[in-house]
Number of protein chains: 2
Amino acid sequence: MANGDLITGEFKRTLDDRFRLSLPGEVAGLVSDEQGGTIVVKEQYGCLSLWAADQWQERIDSGVDLIRQKIQAGRMQERWSEVQRLGRLLSTRQTTVKLANRSRLLIPEGFRGFLGVSPNQEVMIVGAVICLEIWNPTAWLETLKQDMPQFNPLFKELTS
Amino acid sequence: MANGDLITGEFKRTLDDRFRLSLPGEVAGLVSDEQGGTIVVKEQYGCLSLWAADQWQERIDSGVDLIRQKIQAGRMQERWSEVQRLGRLLSTRQTTVKLANRSRLLIPEGFRGFLGVSPNQEVMIVGAVICLEIWNPTAWLETLKQDMPQFNPLFKELTS
DNA sequence: CTTGATAGTGGGATTTATACCCATTAGAAT
DNA sequence: ATTCTAATGGGTATAAATCCCACTATCAAG
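Nothing here was measured: the structure is a model prediction, and the numbers come from that model.

Rules used throughout
Residues numbered from 1 in each chain as written. Chains lettered and ligands numbered in written order. Predicted model: local features only at pLDDT ≥ 70, side-chain atom pairs only at ≥ 80, totals over all residues. Heavy atoms only, no water. Helix = DSSP H or I, 4+ residues; strand = E, 2+ residues; numbered from the N terminus. Expected span 1.5 Å × (residues − 1). Bend = angle between axes of the 7 residues up to and from the residue. Buried < 20%, exposed > 50% of the residue type's maximum accessible area, 1.4 Å probe, protein only. Contact = heavy atoms within 4.5 Å. Axes fitted to C-alpha atoms, helices over the stretch in contact; angles between N-to-C directions. Parallel < 35°, antiparallel > 145°, perpendicular 65-115°, else oblique. Left-handed = near helix turned anticlockwise from the far one by under 90°. Salt bridge = Lys/Arg side-chain N within 4 Å of Asp/Glu carboxyl O.

1. Points about helix α2 (residues 53-72) of chain A
Next, step 1: The end-to-end C-alpha distance of α2(A) is 23 Å, clearly below the 28 Å that 20 residues give at a rise of 1.5 Å each.
Next, step 2: For α2(A), the principal kink sits at A:Arg59 and spans about 60°.
Next, step 3: Of all the positions in α2(A), only A:Gln55, A:Trp56, A:Ile60, A:Gly63, A:Val64, A:Ile67, A:Lys70 and A:Ile71 are classed as buried.
Next, step 4: Contacts from the buried residues of α2(A) go to β3 (37-42), β4 (47-52), α3 (80-93) and β5 (94-98) of chain A together with α6 (151-159) of chain B.
Next, step 5: Directly after α2(A), the chain includes A:Gly74, whose backbone phi takes a positive value near 75°.

The structure is reproduced here in structure tokens:
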């Protein structure tokens, strides 16, 4: 993702019968790195978010890196069970995928139920500035209804 | 297990009629050492964990070291029976196995009941960073429900 | 309005992984 | 020794993922 590119836009897509959907060209490039790697994350029920590896790095991966270093430095010896517990959660929360041919994404097996969709169903694709989100339409409407009134105050707060 | 490789990922597998399951290729190599040794450990009811034998040894050694230090510091005098109990558990709750062809693991006899599964049943395979875990699906869901809210605090704590 | 380019979609073909099955071997018990 | 049971070792069918090509709709340019 080129630095400074904000991911925005709202799109409607339909999953095909194999749980694939094609991302809009304008944003597809923004959520995969040079190797074509895209991180898929379970956010809240009904929503998955897609990240380019480098952006992801800043948010989580650097933390994971830190943990890795600590493990190697032997600084986790009294906290194995916590490391294990966190690792477990990391494993369900995120996975790495590669977009296929025409920026087509196959929703990974364990993530389908979380998104709450069946084949041939519609989903919303929403830019969230730093990542791209895939929404179950129902959950999307629900979120909109809840969040929309906060747009103005939020905008003020973030621009002040 | 190559140093620095964290074990992550979530997979669904089915036991065959002889209590065997094939581990995903991506993680199978991470839980056996050069001699092909894998340690199976009873973790909590409904869950077994798999470790590369050499890594496990390191982990135990460092733990034993810690206990030795505490003993020498005179901090265990009131806790001999606990230490003894720990030692006992250390030996009963684990066993060494070798993965067969195609990364196939036979769940050892004494460990099946603990996992709470019957042949032809599904299990979840979950990376826990330092080990790989095999979960009874029900126990896995239960754990997730309980632990997921702690993800953020736990992450903060371990990266601080 | 026509034409051409491009993004999105559907689906056939191929590949791959794994689960299901059966055969053989090993080991224990009688 | 014999029989039974559990472990082990593959062969094969199957389903999912992946690759790839073709069709279509949309939009832009002429």
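There's plenty left to go through after this.
2. Quick look at the packing of α2(A) against α6(B)
Angle between the axes and distance between the axes: these two values describe a pair of packed helices.
Next, step 1: In the contact formed by α2(A) and α6(B), the axes pass within 9 Å of each other and the chain directions differ by 50°. Compared by their axis directions, α2(A) and α6(B) come out oblique. Considering how the two elements wind past one another, α2(A) and α6(B) form a crossing that is left-handed. Of the residues in α6(B), those in contact with A:Ile60, A:Gly63, A:Val64, A:Leu66, A:Ile67 and A:Lys70 of α2(A) are B:Phe155, B:Leu158 and B:Thr159.

3. Things to note about the pattern of salt bridges
Next, step 1: Per the stated rule, a full pass over the model turns up eleven salt bridges over all chains.
Next, step 2: Linking B:Glu82 and B:Arg79 is a salt bridge whose minimum nitrogen-to-oxygen distance equals 3.5 Å.
Next, step 3: With relative accessibility at 39%, the residue B:Glu82 sits in the partly exposed group.
Next, step 4: If you follow the salt bridges from partner to partner, you end up with A:Arg79, A:Glu82 and B:Glu157 in one network.

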